[in-house]
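# Architecture and fold: a report
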Amino acid sequence: MTNQGHSKKTKTELEAELSELRREVEFLRARASSAMVGISPAFTETLHSLQVHQEELRAQNEELRQAQESVERVSLRYRDLFEYSPAGIFIIDENHAVLDANIAAMGLLGRTKNRVAGKPFLLFVDKGQRGELDNHFLRVRSSGRATTELLLTPDQHPPVPVILESVRLGDGWGGGWRCLTTAIDITERKRMEIALRESEMRLRAIFEQSPLAIQILDAKAVPLMSNRSWLRLWGPGSDKLGPDGRHPVLRRIGAEDLLAIGLSSAGHEIPATHAVPDGEDQDERWVHGYVYPIRASGQAVSELVLVHEDITERKRIELALAERSEMLRRQYENLRVLGEIAALPPSEASQRLPEALGLGRRHLGLFLGMVSRVEGSRFTVEHHSAAMEVGAIADGTVFDLPTTYCALVMDSEDVIAISHMARSPFATHPAYANHGLESYIGVPIRVRGRVYGTLSFSSTTPHPRAFDDGDKEFIRLLARWVGAVMEEDAVRRDLAQSNAELEQFAYVASHDLRQPLRQVSSYVSLLKRRYGDKLGEDAREFISFAHEGAVRMDRLIVDLLEFSRIGRDAKPLGPVPLTEVVRLAMANLGTTITESNGVVKVDGHLPMVKGDAQDLVRLFQNLIGNALKYSRPASPPVVTIAAGSGPMTHLVTVADNGIGIAPDYFDTIFGVFKRLHTPDKYEGTGIGLAICKKVMDRHHGRIWVSSLPGEGSTFHLEFPAAQ
Ligand code: ADP
């Protein structure tokens, strides 16, 4: 508590005043004791005021003590703040020596206070940076503060990067220049900075070296950065907006909406896109890529990354591959259709060719197919197949060759293929004006080495694609097949004619020969009857030879007649049960079987075949007859007839236990007059097996023999299974 009248005094002043007052009181006490007697009221009053004053002083004293305590507490707190501050704090004097340093500062230097205090600060700074430190303090002197990044060199420890921040202190810090320097350890920040720099370098290397074309754009689609691959892919100028203010690449690939997508999505794949050339120095390209938004802070997209992969090469290979496989597919189809044509039943050209033309026409996707004969300037349609019959085209129609496209084929002697007439150099050809055919493919047909005519396919509409090598090869092969069919037809016709003539000749010859033979034979008989007893032994023997000769000759002629008769009547083949056939053949051979002491047995059931019963009886009669005839003297003949079936055939065997046949003759015995024995040993004309072969041929079957000489022979007959 202070009196209103008293102004506040300092502690020392108060203390001085107090001791002054004490001295005064002591003096007064001494005076009082010496003059005890008459204490005046004035004295009493003075004493009282003194007491009041003393009380005041005591109160003031107490106040001072408290103030002192508070100052000490504050001072201690500041000291603590200084000492325990996490930043290193130095007080530096005018010589740049350390006056004081807190705990963190000593920690940074790795030294105790007595090794720091009084030492120049530069002792604790990396040698190479002492100049910077001098600058730092110079700046403090000139402008009152300075901040510098430095390396401190703690004892026994690696250097510590710090931010040194110094401020000049006021005069209250004692005489001379002082500054407060804080040092903050930035090891962690430095490490992060390095890591960040490294990571940025890595990213930059990836960005620059990436084979992917990468561009970074701002949210308004303005290119910010483009890597080398980008410039390589899209060319100069692709790293900035075009003069029209549009993104040049996105405009070129028609993908400007990508930016909006990129801005609104988490990332978007750009499917394979075809970039057509946009200028002279540009190539066609295929790209595939992504667009990603970059959200630097919060949700707003700050940048976009556009990534393009150049897939032109891959796409080209893919397209080439697709083209190849399409070609292969067409080649396969060509072969399939040619196979189908080749497999047409071997009928006459007039049946096969229109069918083949139909298959070819459908395969090529054209309206009309024609086989034409060309003689001079005459062009005759021989066979045709049309998607829809048109009056102007019929087999036998004749055109003037120069008015047809086939004239071009005849000139070139090779394939002529025009897929779109109006756009071809042949648009002015009279055939176009005459027939209006828009697509045409034609080739010459050669028969027996000579150009016979043309094979052609055509349509009134353009062909959907250009005819390729596969189409040309297809029509070439088809023309060869057509030529072969026509040749075959001609050969067949020639052969049938010569066969008919031959058969006619054989029939007439054998028939007519029998007459004079019968005459010879009857006159020889007459001679024998009338003059037999008048003639000598020799003459009778001669007559008998002549008779035998005539009989053999007659048998020969009968056999030949029989041979030539097979198939002459050309009755259609019908179902014939072979069991019945064999029964009839055996009945015809009744006496022969009995005389030979032979046995003929049928093993199991015989099949039904499509055939001519009479011819088949003759076939089995010959085979069984031979089996009985060519027996071994000591063993009576045993003939076994058996049957088996394959998937498409009936197989019948006629086996005997006779003399057998040497393998060298397995084929020859089926020829006319081919015999392995003289008539005196085994009777015969050598025509029997030739008849058998002819019968089997007529039945579209086969006959062959297997045998072990001396043990027996087996004749095999193969009939096609009845349809
Ligand atoms: P041939 O009138 O001579 O019997 P073929 O044409 O029937 O005339 O037979 C031709 C030849 O085949 C016969 O001369 C004979 O040598 C031989 N041959 C035919 N069948 C048999 C058989 N079953 N065993 C042995 N040889 C046979």
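Residues numbered from 1 in each chain as written. Predicted model: local features only at pLDDT ≥ 70, side-chain atom pairs only at ≥ 80, totals over all residues. Heavy atoms only, no water.

For clarity, the threshold we go by: UniProt positions are given in the numbering used here, feature names are shortened, and annotations may be inferred rather than shown by experiment.
The name that an unreviewed UniProt entry assigns to the protein chain is histidine kinase, with the source organism given as Paramagnetospirillum marisnigri. Here is the UniProt Catalytic activity (unreviewed entry) comment for the protein chain, exactly as written: "ATP + protein L-histidine = ADP + protein N-phospho-L-histidine."

### Observations regarding the pattern of salt bridges
Counted only if it meets this: The working definition used for a salt bridge is a side-chain nitrogen of Lys or Arg within 4 Å of a carboxyl oxygen of Asp or Glu. Counting from the N terminus, the helices are DSSP H or I runs at least four residues long and the strands are E runs at least two residues long.
Tallied over the full model, the rule gives 50 salt bridges. The partner of Arg352 in a salt bridge is Glu488, with the nearest N and O atoms 2.7 Å apart. Residue Arg352 is located in helix α11 (residues 349-364), and its partner Glu488 is located in helix α14 (residues 469-531); the two are separated by 136 residues in the primary sequence. Linking Asp471 and Arg465 is a salt bridge whose minimum nitrogen-to-oxygen distance equals 2.8 Å. Among the ionic contacts, a cluster of salt bridges with common partners joins Arg352, Glu488, Asp489, Arg492 and Arg493.

### Observations concerning the packing of aromatic side chains
Where two aromatic rings form a pair, the distance of their centres and the angle of their planes describe that pair. What counts is decided by this rule: Stacked, edge-to-face and tilted are the three classes for Phe, Tyr and Trp ring pairs, Trp counted by its six-membered ring, which pair at centre distances within 6.5 Å; planes under 30 degrees apart are stacked, over 60 edge-to-face, the rest tilted. Only protein chains enter the area calculation, which uses a 1.4 Å probe; residues under 20% of their type maximum are buried, those over 50% are exposed, and those in between are partly exposed.
What the rule picks out here adds up to nine aromatic pairs. Arranged with centres 6.4 Å apart and planes meeting at 85°, the rings of Phe121 and Phe124 form a pair that is edge-to-face. For Phe121, a relative accessible area of 0% gives the class buried. An angle of 80° between the planes, with centres 6.2 Å apart, marks the rings of Phe670 and Phe715 as edge-to-face. Of the two residues, Phe670 sits in the loop between β21 (649-655) and α19 (688-698) while Phe715 sits in strand β23 (residues 712-720), which places them 45 residues apart along the sequence.

### Structural notes on the site of the ligand
Rule in force here: We call a residue near a molecule or strand when any one of its heavy atoms sits within 4 Å of it. Identification of polar contacts relies on pairs of N or O atoms within 3.5 Å, with a donor-acceptor requirement for protein atoms, meaning one able to donate a hydrogen and the other able to accept it, and with residues adjacent in sequence counted only if both atoms are side-chain atoms. Here the Shrake-Rupley method, with its probe set to 1.4 Å, supplies the accessible areas, and only the displayed protein chains count as covering residues. When residues are sorted by character, Ala, Val, Leu, Ile, Met, Phe, Trp, Tyr, Cys and Pro go into the nonpolar class, Asp, Glu, Lys and Arg into the charged class, and all the rest, Gly among them, into the polar class.
Around the ligand lies a shell of 21 residues, among which Asn626, Tyr630, Asp656, Arg675 and Leu689 are the nearest. Between the ligand and His677 there is a distance of 3.4 Å, counted from an oxygen atom to a side-chain nitrogen or oxygen. Surface burial for the ligand is 98%, taken as the share of its 520 Å² of free accessible area covered by protein chains. Elements with a contribution of two residues or more to the shell around the ligand: α18 (613-629), α19 and β23. The greatest single-element share of the shell around the ligand, amounting to three residues, is contributed by α18. Residue composition of the shell around the ligand, by class: nine nonpolar, eight polar and four charged.

### Structural notes on helix α16 (residues 578-588)
Put simply, the rule reads: This arc corresponds to the set of directions leading from the helix axis out to the C-beta atoms.
Taken together, the buried positions of α16 are Leu578, Val581, Val582 and Ala585. Projected onto a plane normal to the axis of α16, the buried residues spread over an arc of 95° and lie on a single side.

### With respect to the sheet that holds strand β3 (residues 145-152)
Rules: When DSSP finds two or more bridges between a pair of strands, those strands are recorded as paired. With axes taken as lines fitted to C-alpha atoms, and helix axes fitted only over the stretch in contact, angles between N-to-C directions fall between 0 and 180 degrees. In what follows, residue pairs with any heavy atoms lying within 4.5 Å of each other are defined as contacts.
Pairing within the open sheet is antiparallel, and its five strands lie in the order β2-β1-β5-β4-β3. Of all the strands in the sheet, just β2 (98-101) and β3 have a single pairing partner and so form its edges. Taking each pair of neighbouring strands and ignoring which way they run, the sheet shows an average axis angle of 25°. Contacts from helix α5 (residues 130-143) reach β1 (88-92), β3, β4 (160-168) and β5 (179-185) within the one sheet, and its direction differs from that of β3 by about 165°.

### Some remarks on the confidence of the model for the protein chain
The following threshold applies: Confidence of the prediction at every residue is given by pLDDT, a number between 0 and 100.
Here the protein chain averages 88 in pLDDT, and 96% of its residues register 70 or above. Low confidence marks residues 1-6, where pLDDT is under 50. Its contacts with residues over four positions away, or in another chain, come to eight contacts.

### Some words on the nonpolar core
Applied cut-off: The definition of a nonpolar core used throughout is a set of buried Ala, Val, Leu, Ile, Met, Phe, Trp, Tyr and Cys residues joined through side-chain atoms within 4.5 Å.
One finds Leu619 and Phe620 to be the most contacted residues of the largest nonpolar core, which totals 39 residues. Of all elements in the fold, only α16, α18, β20 (638-645), β21, α19, β22 (702-708) and β23 reach the threshold of two or more residues within this core. The element contributing the most residues to this core is α18, with eight residues. Ignoring anything within four residues of it in the chain, the contact list for Leu619 reads Cys692, Val695, Met696, Leu717 and Phe719. Counting residues in hydrophobic clusters, the runner-up holds 28 residues, among them Ile445, Phe474, Ile475 and Val482.

### A short note on the sheet that holds strand β13 (residues 398-400)
Across the sheet, six strands lie side by side as β13-β12-β11-β16-β15-β14; this open sheet has antiparallel pairing. Two strands close off the open sheet at either side, each with one partner strand: β13 and β14 (416-418). Direction aside, neighbouring strands of the sheet carry axes that sit 25° apart on average. Sheet topology places strand β15 (residues 439-447) next to strand β16 (residues 450-459); nine bridges connect them, and they run antiparallel. Looking across to β16, one finds that Ile445 is bridged to Gly453. Relative to β15, α14 is tilted by about 35°, and along the sheet it contacts β11 (368-375), β12 (378-386), β14, β15 and β16.

### Here we look at the side chain of Asn227
With respect to the helices and strands, the residue Asn227 is situated in the loop between β7 (223-226) and α7 (228-234). Relative accessible area serves as the criterion here: at 0%, Asn227 is assigned to the buried category. Of the polar contacts made by the side chain of Asn227, one reaches the backbone oxygen of Phe207; its length is 2.7 Å. Within the structure, Asn227 has its side chain in polar contact with the backbone nitrogen of Ile214 (distance 3.0 Å). Those residues within four positions of Asn227 in sequence are excluded, and the remaining contacts are Phe207, Glu208, Ser210, Leu212, Ala213 and Ile214.

### Notes on unusual backbone geometry
Here the phi dihedral of Glu413 falls at roughly 60°; this positive angle occurs in a residue that is not glycine. Looking at where Glu413 falls in the secondary structure, it is placed in the loop between α12 (406-412) and β14. According to the relative accessible area criterion, Glu413 is partly exposed, its value standing at 45%. For His700, which is not glycine, the phi dihedral falls at a positive 55°. In this fold, His700 is placed in the loop between α19 and β22. Classification of His700 by relative accessible area gives exposed; the value is 64%.

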